[in-house]
Number of protein chains: 2
Amino acid sequence: MMLDERKKKILQAIIRNYLETGEPVGSRTISKYTDLNLSSATIRNEMADLEELGYIVQPHTSAGRIPSDKGYRLYVDSMMEENAKQVEELKEMLVEKEEKMDHLLKQVAKVLAVNTNYATMITAPRCQRNKLKFIQLSRVDENQLLAVIVIEGNVIKNSMISISEHLDDETMLKLNMLLNTHLNGLSIEDISLGMITALKQQAGHYGTIIGDVIDAVAETIKEDEDLEIYTSGTNNIFKYPELADNRRASELINTFEEKQLLSQLIDDSDTTEPGHEIKVYIGEEAPIQTMKDCSIVTANYEFGEGMKGTIGIIGPKRMDYEKVVGTLKTIKVQLDALYQQDDKKKLP
Amino acid sequence: MMLDERKKKILQAIIRNYLETGEPVGSRTISKYTDLNLSSATIRNEMADLEELGYIVQPHTSAGRIPSDKGYRLYVDSMMEENAKQVEELKEMLVEKEEKMDHLLKQVAKVLAVNTNYATMITAPRCQRNKLKFIQLSRVDENQLLAVIVIEGNVIKNSMISISEHLDDETMLKLNMLLNTHLNGLSIEDISLGMITALKQQAGHYGTIIGDVIDAVAETIKEDEDLEIYTSGTNNIFKYPELADNRRASELINTFEEKQLLSQLIDDSDTTEPGHEIKVYIGEEAPIQTMKDCSIVTANYEFGEGMKGTIGIIGPKRMDYEKVVGTLKTIKVQLDALYQQDDKKKLP
DNA sequence: TGTTAGCACTCAACTCGATAGAGTGCTAAT
DNA sequence: ATTAGCACTCTATCGAGTTGAGTGCTAACA
């Protein structure tokens with residue numbers, strides 16, 4: 001049986017109402033709530049059908065109905081009206097652009113959390129293939145060298161290297177030359193063992209230093225790959241009684257704290273095909289076990305040069321999908337734009 | 001009235017028992033629990049005294065007694081027996097020393113949380129006065145300079161500077177010389193406006209670059225001063241029913257998330273005089289309003305060159321003070337030692 | 001004089017039954 | 001096809017009664 005227009009309207013009304021109240025919604029309520037001018041008895045009949053079709057369920061015999069995962073899914077897929085919400089305030093907050101990436105990300109997470117009343121997370125943009133862009137060795141004091149490593153996307157890392165003998169300026173220059181001419185533009189896969197030994201040989205007496213530097217490079221790139229995740233508004237879950245009981249809350253808080261658990265979510269939402277950058281997970285669809293009573297909405301933003309980051313909003317299944325998707329779209333656009341801006345600033 | 005030995009023993013027994021069970025403890029329990037061989041009636045008399053003195057309270061008329069803040073305080077101050085706990089496991093985990101400071105700190109927080117079953121926090125070591133140690137300008141590409149800034153304690157920060165014209169090697173060298181000879185060893189207060197203009201003049205055509213670099217230096221030092229706080233095991237609060245009700249849990253989780261709220265705690269515990277590096281806050285003594293149902297134990301560790309960090313453990317008032325203080329002491333020693341080790345490695 | 005046994009009393013927590021009320025399903029009338 | 005009406009179901013809530021842990025007090029005891 002296909003859903004006729006009226007059934008759809010009723011389902012939509014049920015969901016909308018449930019989103020607001022969090023309580024099972026009965027036939028009488030719908031009869032008044034909609035502009036269908038139907039009696040509660042008729043609604044009851046329709047609701048019985050909808051239940052049989054699996055779009056709504058009864059928590060117990062004499063209670064109203066609440067949407068099932070399938071019901072939410074239909075709602076999200078086809079029934080949500082697009083409307084440009086007032087996210088102006090949000091835009092403004094983002095405009096005062098933070099200098100540092102991590103500050104910016106933390107702020108975005110926070111703004112999102114405050115705005116939506118759900119828990120949020122965001123990852124820093126990450127590269128698929130990291131290429132080495134630039135290496136600089138300098139002498140900090142008698143016993144220490146500083147290696148500065150810049151990789152594609154202007155990610156910069158530093159590493160201290162201990163040395164046991166003095167290096168004069170000329171040697172420093174030579175080592176820098178050697179490293180840059182041979183390593184620039186290479187990704188971690190490109191740097192072979194053969195190349196390393198060759199370099200060490202060329203450096204002669206200073207081979208160990210070259211070795212140390214290359215180790216540092218490898219570590220830098222590796223480190224950039226294990227991603228940083230920022231979360232905010234986790235205590236928002238207490239606003240939704242269906243998530244706030246002790247066991248569930250504890251599990252959720254833990255998931256948010258153990259960032260690596262969230263990475264499953266990132267990985268999953270990462271595979272989005274272009275044009276569908278926003279994903280919605282409802283209940284059991286979630287890739288994380290502890291979130292099976294939640295809904296999750298994720299969006300991928302781009303930061304140029306193939307760098308992508310992920311934003312996620314986690315809330316109860318009766319999430320205000322319209323608002324969340326709308327807000328995420330806005331944020332995504334803002335973040336995408338941010339990179340363009342950066343780009344322009346670079347070439348005045 | 002001074003507490004005689006027996007009253008002390010009874011109080012101690014009450015506290016110990018309450019720590020275990022979390023339930024009010026009655027006279028009969030104590031009569032059995034201790035080796036005093038007293039009847040419950042006698043205990044009752046003593047308990048009445050203890051209550052009058054304010055060391056214990058009754059939640060309601062016909063319930064057992066629980067320790068008051070004052071009772072805990074006495075316990076912590078004078079009645080805790082020092083005993084070397086088995087923190088070997090913990091030592092081992094710390095021994096596999098992480099390269100990166102933030103990794104290490106996160107791990108410490110986690111190990112502590114798992115070990116104690118309380119929520120934990122830790123700050124990175126922070127300097128009182130940051131002196132500039134070394135500056136390095138290098139050319140990354142046609143339009144960008146990279147300024148690497150090293151401050152005392154080997155904190156390293158990077159900053160990109162956009163340039164509109166090509167700089168040749170000689171100029172780069174000159175600028176580096178200029179910056180290092182004039183700025184090294186200075187703290188932020190030492191860099192006067194006069195000095196800046198003088199430097200800019202010397203740099204002539206490249207004065208704006210010098211300005212940019214100095215801005216970056218200022219920002220770097222400032223950034224290092226607003227401290228990073230890592231937390232772990234926040235969901236442990238759900239293990240203690242007296243903290244796990246919705247309102248309290250939400251407030252606590254929020255406090256842990258809004259790191260800046262925790263900084264009040266840091267500031268307060270920072271003022272510790274030498275020899276008393278471990279502080280215990282009980283209930284209302286806590287400098288953070290939301291934690292007035294908790295107890296907090298903090299320790300300061302040192303990282304040489306006047307850098308100090310803070311570790312904190314937050315749990316219910318019926319916290320196992322002995323274990324916590326013992327564990328914190330161990331961790332503190334480990335962290336203190338870590339620096340010494342680092343120091344040695346520097347001078348082989 | 002300190003300790004203890006005994007007893008009456010208190011109070012939170014639990015159980016049980018009754019009740020109210022929201023909501024349903026079914027049937028018969030429109 | 002829709003609706004009014006009614007019997008039915010189930011949860012939530014409230015109050016009464018019960019239980020049991022624990023106290024305070026008193027009188028007896030060593």
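What counts as what
- Residues numbered from 1 in each chain as written.
- Chains lettered and ligands numbered in written order.
- Predicted model: local features only at pLDDT ≥ 70, side-chain atom pairs only at ≥ 80, totals over all residues.
- Heavy atoms only, no water.
- Near = heavy atom within 4 Å.
- Polar contact = N/O pair within 3.5 Å; in protein donor to acceptor, adjacent residues only side chain to side chain.
- Helix = DSSP H or I, 4+ residues; strand = E, 2+ residues; numbered from the N terminus.
- Nonpolar A, V, L, I, M, F, W, Y, C, P; charged D, E, K, R; others polar.
- Salt bridge = Lys/Arg side-chain N within 4 Å of Asp/Glu carboxyl O.
- Buried < 20%, exposed > 50% of the residue type's maximum accessible area, 1.4 Å probe, protein only.
- Least-squares fit on C-alpha atoms with pLDDT ≥ 70 in both.
- Contact = heavy atoms within 4.5 Å.
- Core = buried A, V, L, I, M, F, W, Y, C linked by side-chain atoms within 4.5 Å.
- Axes fitted to C-alpha atoms, helices over the stretch in contact; angles between N-to-C directions.
- Parallel < 35°, antiparallel > 145°, perpendicular 65-115°, else oblique.
- Pairing = 2+ DSSP bridges.
- Expected span 1.5 Å × (residues − 1).
- Phe/Tyr/Trp six-rings, centres within 6.5 Å; stacked < 30°, edge-to-face > 60°.
- Lys NZ or Arg CZ within 6 Å of the ring centre and 35° of its normal.

1. Notes on the protein's contact with DNA strand D
In the vicinity of DNA strand D lie 21 residues, with Arg 6, Thr 42, Thr 61 and Ser 62 of chain A together with Ser 27 of chain B positioned nearest. Those atoms of DNA strand D that come within 4 Å of the protein belong to sugar or phosphate at a rate of 74%. The contact in question runs from a base oxygen of DNA strand D to an N or O atom on the side chain of Ser 62 of chain A, over 2.9 Å. Of all the secondary structure elements, the ones that give two or more residues to the surface near DNA strand D are helix H3 (40–52) of chain A together with helix H3 (40–53) of chain B. Of the residues contributing to the surface near DNA strand D, the split by class is four nonpolar, 13 polar and four charged.

2. A short note on the protein's contact with DNA strand C
Surveying the vicinity of DNA strand C reveals 21 residues, the closest of which are Ser 27 of chain A together with Arg 6, Thr 42, Thr 61 and Ser 62 of chain B. Backbone atoms, meaning sugar and phosphate, form 73% of the atoms of DNA strand C found within 4 Å of the protein. Arg 44 of chain A places a polar side-chain atom, nitrogen or oxygen, 3.1 Å from a base nitrogen of DNA strand C. A distance of 2.6 Å separates a phosphate oxygen of DNA strand C from a polar atom in the side chain of Thr 42 of chain B. Looking at the surface near DNA strand C, the element that brings in the most residues is H3 of chain B, giving four residues. The class makeup of the residues in the surface near DNA strand C is four nonpolar, 13 polar and four charged.

3. Observations regarding the pattern of salt bridges
A full pass over the atoms with the stated rule returns 34 salt bridges over all chains. One salt bridge in this structure joins Glu 258 of chain B and Lys 110 of chain A, with 3.1 Å as the shortest N-O distance. Of the two residues, Glu 258 of chain B is situated in the loop between helix H10 (246–257) and helix H11 (259–270) and Lys 110 of chain A in helix H6 (residues 101–116); the pairing between them involves two chains. Assessed through its relative accessible area of 36%, Lys 110 of chain A is described here as partly exposed. One salt bridge connects Arg 139 of chain B with Asp 169 of chain B, and the closest N-O pair in it is separated by 2.9 Å. Of the two residues, Arg 139 of chain B is situated in strand S4 (residues 132–141) and Asp 169 of chain B in helix H7 (residues 169–183); the sequence distance between them amounts to 30 residues. Asp 169 of chain B sits in the exposed class, given a relative accessible area of 56%.

4. A closer look at the relation of the copies chain A and chain B
Structural alignment of chain A on chain B gives an RMSD of 0.2 Å, achieved by rotating through 180° and translating 0.0 Å along the axis. Interpreted geometrically, this transformation is the action of a two-fold axis. A symmetric contact is evident, with 97% of the interface residues of chain A recurring at the interface of chain B.

5. So, the nonpolar core
By size, the foremost hydrophobic cluster in this structure holds 135 residues, and its most contacted members are Ile 122, Phe 238 and Met 291 of chain A together with Ile 122, Phe 238 and Met 291 of chain B. Dropping the residues within four chain positions of it, Phe 238 of chain B is found in contact with Phe 238, Asn 246, Ala 249, Ser 250 and Ile 253 of chain A together with Ala 244, Ala 249 and Ile 253 of chain B.

6. Some remarks on the packing of helix H10 (residues 246–257) of chain A against helix H11 (residues 259–270) of chain A
The relative placement of two packed helices comes down to the angle between their axes together with the axis-to-axis distance. Residues and elements named next belong to chain A. Taken N-terminus to C-terminus, the directions of H10 and H11 make an angle of 85°; their axes are 5 Å apart at the nearest point. For the element pair H10 / H11, the angle class is roughly perpendicular. Of the residues in H11, those in contact with Asn 254, Thr 255, Phe 256 and Glu 257 of H10 are Lys 259, Leu 261 and Leu 262. Its residues placed into classes, the contact of H10 with H11 shows three nonpolar, two polar and two charged.

7. A word on the pairing of strand S10 (residues 308–316) of chain B
Residue and element names in this part refer to chain B. The buried fraction of S10 amounts to eight of the nine residues, a majority that puts the element mostly inside the structure. For strand S3 (residues 119–123) and S10, the ladder comprises four bridges, and the chain directions are antiparallel. Counted as the bridge partner of Ala 119 is Ile 314 from S10. Sheet topology note: the strand S9 (residues 294–302)/S10 ladder contains nine bridges and is antiparallel. The residue of S10 that forms the bridge with Val 297 is Ile 313.

8. Quick word on the interface of chain A and chain B
Taken together, the 39 residues of chain A in the interface contact 39 residues of chain B. If you look at where chain A meets chain B, you find four salt bridges. Notably, a salt bridge pairs Lys 106 of chain A with Glu 228 of chain B, separated by 3.5 Å at the nearest N-O pair. Counting across the interface, chain A meets chain B through 10 residue pairs in polar contact (both at pLDDT 80 or more).

9. So, helix H1 (residues 5–21) of chain A
All names here are of chain A. Under the 1.5 Å per step criterion, the end-to-end length of H1 is 24 Å for 17 residues, consistent within 8% with the ideal 24 Å. Of all the residues in H1, the buried ones are Lys 7, Ile 10, Leu 11, Gln 12, Ala 13, Ile 14, Ile 15, Asn 17, Tyr 18 and Leu 19. One or two residues past the end of H1 sits Gly 22, with phi positive at roughly 80°.

10. Considerations on the environment of Leu 19 of chain A
All names here are of chain A. Take Leu 19: it is sitting in helix H1. Among the residues examined, Leu 19 registers a relative accessible area of 14% and is labelled buried. Sequence-distant contacts of Leu 19, defined by excluding residues within four places in its chain, comprise Tyr 72, Tyr 75, Arg 318, Met 319 and Asp 320.

11. Remarks on the packing of aromatic side chains
For any pair of aromatic rings, the description rests on two quantities: the centre-to-centre distance and the angle between the ring planes. Counted by the stated rule, this structure contains seven aromatic pairs over all chains. Between Phe 238 of chain A and Phe 238 of chain B, the aromatic rings sit 6.3 Å apart at their centres with planes inclined by 20°, giving stacked as the arrangement. Linking Phe 238 of chain A in the loop between strand S7 (229–232) and H10 with Phe 238 of chain B in the loop between strand S7 (229–232) and H10, this pair reaches from one chain into another. Across the pair, Phe 238 of chain B and Phe 238 of chain A agree in class, each one buried. One aromatic cluster in this structure is built from Tyr 72, Tyr 75 and Tyr 321 of chain A. In this structure, Lys 70 of chain A is placed above the aromatic ring of Tyr 55 of chain A, and the distance from its NZ or CZ to the ring centre is 4.7 Å.

Geometric values such as these leave the question of function open.
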